[in-house]
Amino acid sequence: MSSIQDKDFGEVVIRRSAWSTRVKCSVATSGKLTITVPSGTSDFLAKRFLNSMREDIKKKLPVKDPATQRARDAQKKILMKKAREYLPYRLEFWATKYNYSYTNVRLTHANTRWGSRSSSGTISLNIGLMKVPEPLRDYVIIHELAHINHMDHSAAFWQEVGEHDPKYKRHREQLKSFSPGV
Ligand SMILES: [Zn+2]
(Lines give C-alpha, C1' and ligand atoms only; values in the text may rest on other atoms or scores of the structure.)
Protein backbone atom coordinates (compact mmCIF):
# COMPACT_ATOMS: atom_id res chain seq x y z
CA MET A 1 0.00 0.00 0.00
CA SER A 2 1.12 3.54 -0.68
CA SER A 3 -0.58 6.88 -0.92
CA ILE A 4 -0.46 10.00 -3.04
CA GLN A 5 -1.62 13.56 -2.44
CA ASP A 6 -4.34 14.80 -4.71
CA LYS A 7 -5.66 18.34 -5.16
CA ASP A 8 -9.31 17.25 -5.12
CA PHE A 9 -9.32 14.23 -2.86
CA GLY A 10 -6.52 14.86 -0.36
CA GLU A 11 -4.67 11.69 0.59
CA VAL A 12 -5.51 8.87 -1.80
CA VAL A 13 -4.61 5.34 -0.74
CA ILE A 14 -3.32 3.00 -3.43
CA ARG A 15 -4.00 -0.65 -2.74
CA ARG A 16 -2.34 -3.26 -4.87
CA SER A 17 -4.09 -6.56 -5.31
CA ALA A 18 -2.80 -9.65 -7.10
CA TRP A 19 -6.36 -10.57 -8.02
CA SER A 20 -7.36 -7.21 -9.30
CA THR A 21 -7.46 -7.08 -13.08
CA ARG A 22 -8.88 -3.60 -13.36
CA VAL A 23 -8.85 -0.36 -11.41
CA LYS A 24 -11.49 0.12 -8.72
CA CYS A 25 -12.30 3.11 -6.56
CA SER A 26 -13.96 3.17 -3.16
CA VAL A 27 -14.18 5.39 -0.14
CA ALA A 28 -12.89 4.02 3.17
CA THR A 29 -14.74 4.70 6.41
CA SER A 30 -12.08 7.32 7.14
CA GLY A 31 -13.44 9.22 4.14
CA LYS A 32 -10.22 8.63 2.19
CA LEU A 33 -10.44 7.66 -1.41
CA THR A 34 -8.88 4.26 -2.09
CA ILE A 35 -7.99 2.99 -5.51
CA THR A 36 -7.28 -0.66 -6.04
CA VAL A 37 -4.94 -1.52 -8.89
CA PRO A 38 -3.33 -4.74 -10.16
CA SER A 39 -0.13 -5.56 -8.25
CA GLY A 40 2.95 -4.11 -9.89
CA THR A 41 1.21 -0.89 -10.90
CA SER A 42 3.44 2.09 -10.16
CA ASP A 43 2.28 5.23 -8.29
CA PHE A 44 2.82 7.12 -11.53
CA LEU A 45 0.41 4.88 -13.40
CA ALA A 46 -2.08 4.91 -10.52
CA LYS A 47 -2.06 8.71 -10.69
CA ARG A 48 -2.82 8.54 -14.39
CA PHE A 49 -5.75 6.23 -13.72
CA LEU A 50 -6.98 8.63 -11.09
CA ASN A 51 -6.79 11.56 -13.51
CA SER A 52 -8.70 9.69 -16.18
CA MET A 53 -11.46 8.82 -13.70
CA ARG A 54 -11.49 12.12 -11.81
CA GLU A 55 -14.82 13.49 -13.03
CA ASP A 56 -16.59 10.16 -12.64
CA ILE A 57 -15.31 9.78 -9.09
CA LYS A 58 -16.49 13.27 -8.18
CA LYS A 59 -19.95 12.47 -9.47
CA LYS A 60 -20.34 9.02 -7.99
CA LEU A 61 -18.46 8.88 -4.72
CA PRO A 62 -19.13 10.89 -1.59
CA VAL A 63 -15.48 11.77 -1.03
CA LYS A 64 -15.00 14.16 1.84
CA ASP A 65 -12.99 17.12 0.77
CA PRO A 66 -10.38 17.37 3.56
CA ALA A 67 -10.52 21.16 3.77
CA THR A 68 -14.31 21.20 4.06
CA GLN A 69 -14.14 18.45 6.64
CA ARG A 70 -11.58 20.36 8.69
CA ALA A 71 -13.70 23.53 8.56
CA ARG A 72 -16.73 21.55 9.70
CA ASP A 73 -14.84 19.96 12.59
CA ALA A 74 -13.59 23.37 13.68
CA GLN A 75 -17.11 24.83 13.55
CA LYS A 76 -18.43 21.93 15.59
CA LYS A 77 -15.79 22.55 18.25
CA ILE A 78 -16.70 26.24 18.49
CA LEU A 79 -20.42 25.47 18.69
CA MET A 80 -19.82 22.84 21.37
CA LYS A 81 -17.84 25.31 23.46
CA LYS A 82 -20.50 28.01 23.10
CA ALA A 83 -23.27 25.49 23.82
CA ARG A 84 -21.56 24.26 26.99
CA GLU A 85 -21.29 27.78 28.32
CA TYR A 86 -24.89 28.65 27.51
CA LEU A 87 -27.47 25.90 27.05
CA PRO A 88 -27.32 24.24 30.50
CA TYR A 89 -27.74 27.66 32.15
CA ARG A 90 -30.55 28.73 29.86
CA LEU A 91 -32.34 25.44 30.52
CA GLU A 92 -31.88 25.94 34.25
CA PHE A 93 -33.23 29.49 33.95
CA TRP A 94 -36.50 28.42 32.30
CA ALA A 95 -36.87 25.34 34.49
CA THR A 96 -36.54 27.43 37.65
CA LYS A 97 -38.86 30.13 36.34
CA TYR A 98 -41.66 27.69 35.51
CA ASN A 99 -40.97 25.10 38.16
CA TYR A 100 -39.88 22.12 36.09
CA SER A 101 -37.39 19.55 37.26
CA TYR A 102 -35.16 17.35 35.10
CA THR A 103 -32.38 14.99 36.07
CA ASN A 104 -29.69 15.78 33.54
CA VAL A 105 -28.84 17.79 30.45
CA ARG A 106 -26.98 16.37 27.48
CA LEU A 107 -25.56 18.25 24.51
CA THR A 108 -25.87 16.47 21.17
CA HIS A 109 -24.95 17.10 17.57
CA ALA A 110 -27.38 14.84 15.75
CA ASN A 111 -28.45 16.05 12.32
CA THR A 112 -32.15 15.61 12.74
CA ARG A 113 -33.49 16.95 16.02
CA TRP A 114 -33.16 20.12 18.05
CA GLY A 115 -33.93 18.52 21.35
CA SER A 116 -35.53 15.61 23.14
CA ARG A 117 -36.51 14.42 26.57
CA SER A 118 -35.94 10.85 27.69
CA SER A 119 -38.24 9.01 30.08
CA SER A 120 -35.44 9.04 32.65
CA GLY A 121 -35.69 12.84 32.71
CA THR A 122 -32.62 13.75 30.68
CA ILE A 123 -33.08 16.70 28.37
CA SER A 124 -30.93 16.67 25.23
CA LEU A 125 -30.25 19.88 23.36
CA ASN A 126 -28.54 20.16 20.00
CA ILE A 127 -25.43 22.36 19.87
CA GLY A 128 -26.79 23.66 16.53
CA LEU A 129 -29.17 25.75 18.66
CA MET A 130 -26.28 28.17 19.07
CA LYS A 131 -26.77 29.07 15.38
CA VAL A 132 -30.41 30.14 15.69
CA PRO A 133 -31.91 33.35 17.14
CA GLU A 134 -32.51 33.33 20.88
CA PRO A 135 -36.35 33.27 20.79
CA LEU A 136 -36.21 30.04 18.72
CA ARG A 137 -33.66 28.54 21.09
CA ASP A 138 -35.92 29.37 24.02
CA TYR A 139 -38.87 27.83 22.22
CA VAL A 140 -37.00 24.51 21.89
CA ILE A 141 -36.06 24.56 25.57
CA ILE A 142 -39.62 25.34 26.63
CA HIS A 143 -40.91 22.64 24.28
CA GLU A 144 -38.67 20.01 25.90
CA LEU A 145 -39.54 21.19 29.41
CA ALA A 146 -43.26 20.92 28.62
CA HIS A 147 -42.63 17.25 27.72
CA ILE A 148 -41.96 16.67 31.42
CA ASN A 149 -45.72 16.96 31.99
CA HIS A 150 -46.89 15.69 28.59
CA MET A 151 -45.15 12.86 26.73
CA ASP A 152 -47.03 13.55 23.50
CA HIS A 153 -47.87 16.52 21.30
CA SER A 154 -51.48 16.71 22.47
CA ALA A 155 -53.56 19.87 22.69
CA ALA A 156 -52.75 20.03 26.40
CA PHE A 157 -49.04 19.91 25.58
CA TRP A 158 -49.28 22.82 23.12
CA GLN A 159 -51.36 24.79 25.56
CA GLU A 160 -48.62 24.49 28.13
CA VAL A 161 -45.95 25.50 25.58
CA GLY A 162 -48.13 28.49 24.66
CA GLU A 163 -48.38 29.61 28.28
CA HIS A 164 -44.60 30.03 28.47
CA ASP A 165 -43.97 31.05 24.86
CA PRO A 166 -47.06 32.84 23.49
CA LYS A 167 -45.39 33.13 20.04
CA TYR A 168 -44.53 29.44 19.86
CA LYS A 169 -46.41 28.89 16.57
CA ARG A 170 -44.32 31.50 14.82
CA HIS A 171 -41.11 30.23 16.45
CA ARG A 172 -41.88 26.69 15.43
CA GLU A 173 -42.43 27.81 11.85
CA GLN A 174 -39.25 29.91 11.75
CA LEU A 175 -37.19 27.04 13.11
CA LYS A 176 -37.97 25.07 9.94
CA SER A 177 -35.66 27.31 7.92
CA PHE A 178 -32.69 26.17 10.03
CA SER A 179 -31.05 22.78 10.12
CA PRO A 180 -29.67 21.28 13.35
CA GLY A 181 -26.73 19.66 11.56
CA VAL A 182 -23.30 21.29 11.67
ZN1 LIG B 1 -41.81 17.40 21.17
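Residues numbered from 1 in each chain as written. Predicted model: local features only at pLDDT ≥ 70, side-chain atom pairs only at ≥ 80, totals over all residues.

**Student:** Before we move on, could you go through the overall build of the protein and cite the residues and values that matter?
**Tutor:** A tally of regular secondary structure across the protein gives five helices and seven strands. Helices and strands appear in the protein in the N-to-C order β-β-β-β-α-α-β-β-β-α-α-α. Taken against the 2.2 N^0.38 rule, which gives 16 Å for 182 residues, the C-alpha radius of gyration of the protein at 24 Å runs more than 25% over that of a compact globule. Projected onto the principal axes, the alpha-carbon positions of the protein cover approximately 70 × 30 × 30 Å. Here the analysis covers contacts within the protein between residues at least 6 apart in sequence; of these, 48% occur between residues at least 24 apart. (Helix = DSSP H or I, 4+ residues; strand = E, 2+ residues; numbered from the N terminus. Rg over C-alpha atoms; globule rule 2.2 N^0.38 Å. Contact = placed C-beta atoms within 7 Å.)

**Student:** Describe in detail the sheet that holds strand 1 (residues 2-6), supporting the description with residues and values.
**Tutor:** Here four strands make up an open sheet; going across it, the order is 1-2-4-3 and the pairing mixed. The open sheet terminates on both sides in strands that have one partner only, identified here as strand 1 and strand 3 (24-27). Each strand of the sheet is rotated relative to its neighbour by a mean of 30°, with strand direction disregarded. Here strand 1 runs beside strand 2 (residues 10-17); their pairing, made up of five bridges, is antiparallel. By the bridge assignment for strand 2, Asp6 is matched with Gly10. (Pairing = 2+ DSSP bridges. Axes fitted to C-alpha atoms, helices over the stretch in contact; angles between N-to-C directions.)

**Student:** Give me the lowdown on the domain arrangement of the protein, citing residues and values where you can.
**Tutor:** When the parts of a complex come together, some accessible area is lost, and that lost area is often taken as the interface size. Partitioning the protein into structural domains gives domain 1 (2-64) and domain 2 (76-175). On a C-alpha basis, the centroid separation for the pair domain 1 and domain 2 is 45 Å. (Domains from an automatic or database assignment.)

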